[in-house]
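# Understanding the architecture of this molecule
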Amino acid sequence: MAGGPAAKGLFLTLEGIDGSGKSTQARRLAAALESEGLAVQRTREPGGSPGAEEIRRLLVEGPAGRWSAETELLLFTAARRDHLERTIAPALARGAVVICDRFADSTRVYQGLARGALRAETDRLHAAFIGIEPALTFVLDMDPEVALARGRARGGAEHRFEAMGSDFQHRLRAGFRALAAEFPDRCRLIDAGRDETEVAEEIAALALAALSGEAAR
Ligand code: TMP
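Residues numbered from 1 in each chain as written. Predicted model: local features only at pLDDT ≥ 70, side-chain atom pairs only at ≥ 80, totals over all residues. Heavy atoms only, no water.

## Comments concerning the site of the ligand
- Among the 14 residues in the neighbourhood of the ligand, the closest are listed as D18, R56, R102, T107 and Q111.
- Take K22: an N or O atom from its side chain is 3.1 Å from an oxygen atom of the ligand.
- Measuring from an oxygen atom of the ligand, one finds a side-chain N or O atom of T107 at 2.5 Å.
- Protein burial of the ligand: of its 480 Å² of free accessible surface, 93% is covered by the chains.
- One can see that the ligand is located within the largest pocket.
- Only α2 (50-60), α3 (69-93) and α4 (104-115) provide two or more residues apiece to the shell around the ligand.
- Looking at the shell around the ligand, the element that brings in the most residues is α4, giving four residues.
- Its residues placed into classes, the shell around the ligand shows five nonpolar, three polar and six charged. (Near = heavy atom within 4 Å. Polar contact = N/O pair within 3.5 Å; in protein donor to acceptor, adjacent residues only side chain to side chain. Areas by Shrake-Rupley, 256 points an atom, 1.4 Å probe, with all protein chains shown as cover. 1 Å grid on protein atoms, 1.4 Å probe; cavity = no way out; pocket = protein on both sides within 12 Å on 5 of 7 lines; lining within 4 Å. Sits in = over half its atoms within 2 Å of the grid points. Helix = DSSP H or I, 4+ residues; strand = E, 2+ residues; numbered from the N terminus. Nonpolar A, V, L, I, M, F, W, Y, C, P; charged D, E, K, R; others polar.)

## Things to note about the environment of Q25
- Assignment of secondary structure puts Q25 in helix α1 (residues 22-34).
- Taking the C-alpha atoms as reference points, Q25 and I203, separated by 178 residues in sequence, lie 8.1 Å from one another.
- Those residues in contact with Q25, other than ones at most four positions away along the chain, are L14, L140, E196, V199, A200 and I203. (Contact = heavy atoms within 4.5 Å.)

## So, the nonpolar core
- In this structure, L12, L29, L33, I99, F138 and I203 are the most contacted members of the largest nonpolar core, which totals 42 residues.
- Discounting chain neighbours no more than four positions away, the residues touching L12 are L29, L33, V97, V98, I99, C100, L136 and A207.
- The next biggest cluster of nonpolar side chains, apart from the first, holds twelve residues, and it includes F11, I88, C100 and A104. (Core = buried A, V, L, I, M, F, W, Y, C linked by side-chain atoms within 4.5 Å. Buried < 20%, exposed > 50% of the residue type's maximum accessible area, 1.4 Å probe, protein only.)

## Considering the packing of α1 against helix α8 (residues 196-215)
- Closest axis-to-axis distance for the α1/α8 pair is 9 Å, and the angle between their directions is 50°. Here α8 runs oblique to α1, going by the angle between their axes. Read as a crossing pair, α1 and α8 show a hand that is right-handed. Along its contact with α1, which presents T24, Q25, R28, L29, A32 and L33, the element α8 presents E196, T197, V199, A200, I203, A204, A207, L208 and L211. (Axes fitted to C-alpha atoms, helices over the stretch in contact; angles between N-to-C directions. Parallel < 35°, antiparallel > 145°, perpendicular 65-115°, else oblique. Left-handed = near helix turned anticlockwise from the far one by under 90°.)

## As for the side chain of D141
- Tracing the chain through its elements places D141 in strand β4 (residues 136-141).
- By relative accessible area, which is 9% here, D141 ends up buried.
- Beyond its immediate chain neighbours, meaning those up to four positions away, D141 contacts R173, R177, L189, I190, D191, A192 and G193.

## Considerations on the sheet that holds strand β3 (residues 97-101)
- The five strands lie next to each other as β2-β3-β1-β4-β5, forming an open sheet whose pairing is parallel. Among the strands making up the open sheet, the edge pair consists of β2 (40-44) and β5 (187-191). Neighbour to neighbour, the strand axes of the sheet diverge by 20° on average, direction disregarded.
- Across five bridges, the pairing between β2 and β3 is parallel. Each residue of the ladder has a partner; that of Q41, found in β3, is V98. (Pairing = 2+ DSSP bridges.)

The following block contains the structure:
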């Protein structure tokens, strides 16, 4: 659907372990692109549409053992479908740059690899119900111990995945690094352990280069 001929905008995603600074970087990237006069739709997963935000609460709150990896896979995919129909596809169709904090790569790594060995099922559901990939994905890579401490300092109730512990975050980091190597054309591995502004400048430069590449087509 959104990747079809009607899609005019550019779809960018940020991925990484919990506490890797994606949300801050998504905000900074949106501001950088808006200052270049571009129309930007910033959004996030799970969530990004009213129905998907309701599903989000089911997924990120409560005890770690609340859902199996299989049930999570179905819930994340259901949330993504609603988000795609109601937010992402319309924004791309009107020519906006969509900046999404997490997308299908999170499911590939969290449910497909770290929570359970469900990569084949994840890919099948993605092909059946989602069917689009970002033009460019920034994979924010950093030490899980530093990231976990950052995430815990945030407060709030959304700690279900962080509560799965340090080994889990180390598996996620390895998974995201492997994913970046699996999709070298669209993934850029970013050293997110650096100063926030340095990271933001690198991401903005890569996004602007991708946009000028699209414009030249
Ligand atoms: P967030 O804290 O980045 O908003 O994401 C919420 C949590 O949901 C985070 O711990 C990662 C997890 N997650 C998955 O396990 N699978 C997914 O497909 C997505 C989008 C997020």
